[in-house]
Amino acid sequence: MLSIHKPFDAKRSIEVRGQIISLEYPCVMGIVNFTPDSFYDGGRLKTDSDILALAERHLTDGATFLDIGGYSSRPDADHISEEEEQRRVGHVVATVIRQFPQAILSVDTFRASVAKAALDAGAQMLNDISGGELDAEMFSLVAERNVPYILMHMKGTPQTMRQMSDYEDVLQEVCDYFSSKLNYLRSNGVKDIIIDPGFGFAKGPSAGFELLGKMSFLEALGAPVMVGLSRKSMIYKTLEINAEEALNGTTALHMIALENGANILRVHDTKEAIEAIELYRRVYT
């Protein structure tokens, strides 16, 4: 039986470049994947013009953050070298900053070397799908740089996680994982930590829907919650469609996530996510 209690000091803001960003009102992180093999948008960005057009669309439509990725983390994705990932990420960070110097850039990587180079190039946040499990230097880097850190739950690697999706109690396991890592990070001076339940990462649709339905329990951990549900297989496999057709299902699950305490929606489609947030606000605030 799950036994956790909601704290009185739940944190609902982060600091980026000396600016306090409130997460009391849900916001959006727009995805910018510079990869050839991501499950939905792989290979779509081929030129600097493509990169800038997508970044501008996210920002114009209301995204608070952009999340830049150079390594596909879909199940069974190709493993690429640190040098190749760093080349991809560094190019996008530099390209976006030149055109949109005020944009808040997160970098989606589990490698400390890639993260460090991206921060040096001007990124301000780190999004680690492995929660520090795949690079022992990641937590040290986060503490040293004192940047907002997105801590996701995953088991295994993108290449092995499909075989690691069995749970006796998915919510308890996720809460235990976060509790341990949050305690460690906080004890080492990391102030701004966002947790991500990791939908689709070592979780089949059944575990994903169970976790989404009980996600409000994560508020007891005292950290803002980000969800990445956008066009994922738990939507399109359940509805027997494909990722291209999964926007309506994404919006439906976004509303459930908001009702269960999500502070950030990480999305491919910012306009529709912002609309969901606005309608949620009209009902619940």
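Structure: above.
Below: a short report on this structure. Values in this document were obtained by computation on a predicted structure and should not be read as measured data.

Rules behind the numbers
- Residues numbered from 1 in each chain as written.
- Predicted model: local features only at pLDDT ≥ 70, side-chain atom pairs only at ≥ 80, totals over all residues.
- Heavy atoms only, no water.
- Helix = DSSP H or I, 4+ residues; strand = E, 2+ residues; numbered from the N terminus.
- Rg over C-alpha atoms; globule rule 2.2 N^0.38 Å.
- Buried < 20%, exposed > 50% of the residue type's maximum accessible area, 1.4 Å probe, protein only.
- Contact = heavy atoms within 4.5 Å.
- Axes fitted to C-alpha atoms, helices over the stretch in contact; angles between N-to-C directions.
- Parallel < 35°, antiparallel > 145°, perpendicular 65-115°, else oblique.
- Left-handed = near helix turned anticlockwise from the far one by under 90°.
- Core = buried A, V, L, I, M, F, W, Y, C linked by side-chain atoms within 4.5 Å.
- Pairing = 2+ DSSP bridges.
- Nonpolar A, V, L, I, M, F, W, Y, C, P; charged D, E, K, R; others polar.
- Expected span 1.5 Å × (residues − 1).
- Arc of directions from axis to C-beta.
- Phe/Tyr/Trp six-rings, centres within 6.5 Å; stacked < 30°, edge-to-face > 60°.
- Lys NZ or Arg CZ within 6 Å of the ring centre and 35° of its normal.

From N to C terminus, the protein chain includes 9 helices and 10 strands. Against the 2.2 N^0.38 benchmark of 19 Å for 285 residues, the protein chain shows a C-alpha radius of gyration of 17 Å, consistent with a compact globule. Its C-alpha atoms give the protein chain principal-axis dimensions of roughly 50 × 45 × 40 Å. Within the protein chain, buried positions represent 54% of all 285 residues. Within the protein chain, residue pairs in contact and separated by at least 24 positions form 70% of the contacts whose partners lie at least 6 positions apart.

This part takes up the packing of helix H3 (residues 112–121) against helix H4 (residues 138–145). The contact between H3 and H4 brings their axes to 9 Å, and the two run at 20 degrees. Judged by the inter-axis angle, H3 sits roughly parallel to H4. Of the two elements, H3 crosses H4, and the hand of that crossing is right-handed. Across the interface between the two elements, Ala112, Ala115, Lys116, Leu119 and Asp120 of H3 pack against Met138, Leu141 and Arg145 of H4.

It is worth spelling out the environment of Pro36 at this point. Relative to the elements of secondary structure, Pro36 occurs in the loop between strand E3 (27–33) and helix H1 (48–61). Judged by relative accessible area, Pro36 falls into the exposed class, the value being 55%. Once the C-alpha coordinates of Pro36 and Asp78 are considered, the two residues, 42 residues apart in sequence, prove to be 9.9 Å apart.

Nonpolar side chains in soluble globular proteins tend to be buried together. Core analysis: the largest hydrophobic core is formed by 78 residues, its most contacted members being Leu126, Leu151, Phe178, Ile195, Met215, Leu218 and Val227. Beyond its immediate sequence surroundings of up to four residues, Leu126 is in contact with Ser106, Val107, Ala115, Leu119, Met138, Leu141, Val142, Val147, Pro148, Tyr149 and Ile150. The next biggest cluster of nonpolar side chains, apart from the first, holds 13 residues, and it includes Ile14, Val16, Cys27 and Met226.

We now examine the sheet that holds strand E6 (residues 125–128). The strand order across the open sheet built from 8 strands is E8-E7-E6-E5-E4-E3-E10-E9, with neighbouring strands paired in parallel fashion. Two strands in the sheet have a free side with no partner beyond their single neighbour: strand E8 (193–196) and strand E9 (226–227). Two strands pair when backbone bridges link them, and strand E7 (residues 149–152) and E8 are joined in this way by 4 bridges, in the parallel orientation. Note on E8: the bridge partner recorded for Tyr149 is Ile193. Along the sheet, helix H5 (residues 170–187) makes contact with E7 and E8, crossing E7 at roughly 150 degrees.

Axis separation between helix H2 (residues 82–99) and H3 bottoms out at 9 Å; the angle between their running directions is 20 degrees. The angle between H2 and H3 places the two elements in the roughly parallel class. For H2 against H3, the interelement crossing comes out right-handed. Side by side, H2 and H3 meet where Glu82, Glu85, Gln86, Val89, Val93 and Ile97 of the first sit next to Ser113, Val114, Ala117, Ala118 and Ala121 of the second. Across the contact of H2 with H3, the residue classes tally to 7 nonpolar, 2 polar and 2 charged.

The end-to-end C-alpha distance of H2, which contains 18 residues, comes to 26 Å, matching closely the 26 Å that a straight helix rising 1.5 Å per residue would cover. Turning to H2, its buried residues are Glu85, Arg88, Val89, Val92, Val93, Thr95 and Val96. Looking down the long axis of H2, one finds its buried residues gathered within 165 degrees of arc, a one-sided arrangement. Summarising the geometry of H2, the exposed residues directed more than 90 degrees from the buried face are Glu83 and Arg98. In this structure, the buried side of H2 is in contact with E3, H1, strand E4 (65–69), strand E5 (104–108) and H3.

Of the residues making up H4, those classed as buried are Met138, Phe139, Leu141 and Val142. For H4, the arc enclosing every buried residue in end-on projection is 160 degrees, short of the 170-degree limit, so these residues lie on one face. Downstream of H4 by one or two residues, Asn146 has phi in the positive range, about 55 degrees.

What follows covers the packing of aromatic side chains. Evaluated as defined, the whole model comprises 5 aromatic pairs. Between Phe139 and Tyr149, the ring centres sit 5.8 Å apart and the planes meet at 85 degrees, which makes this aromatic pair edge-to-face. Remark: Tyr149 occurs in strand E7 and Phe139 occurs in helix H4; sequence separation between them is 10 residues. Assigned by exposure class, Phe139 and Tyr149 land together as buried. Directly above the aromatic system of Tyr167 lies the positively charged group of Lys155, at a separation of 3.9 Å from the ring centroid.

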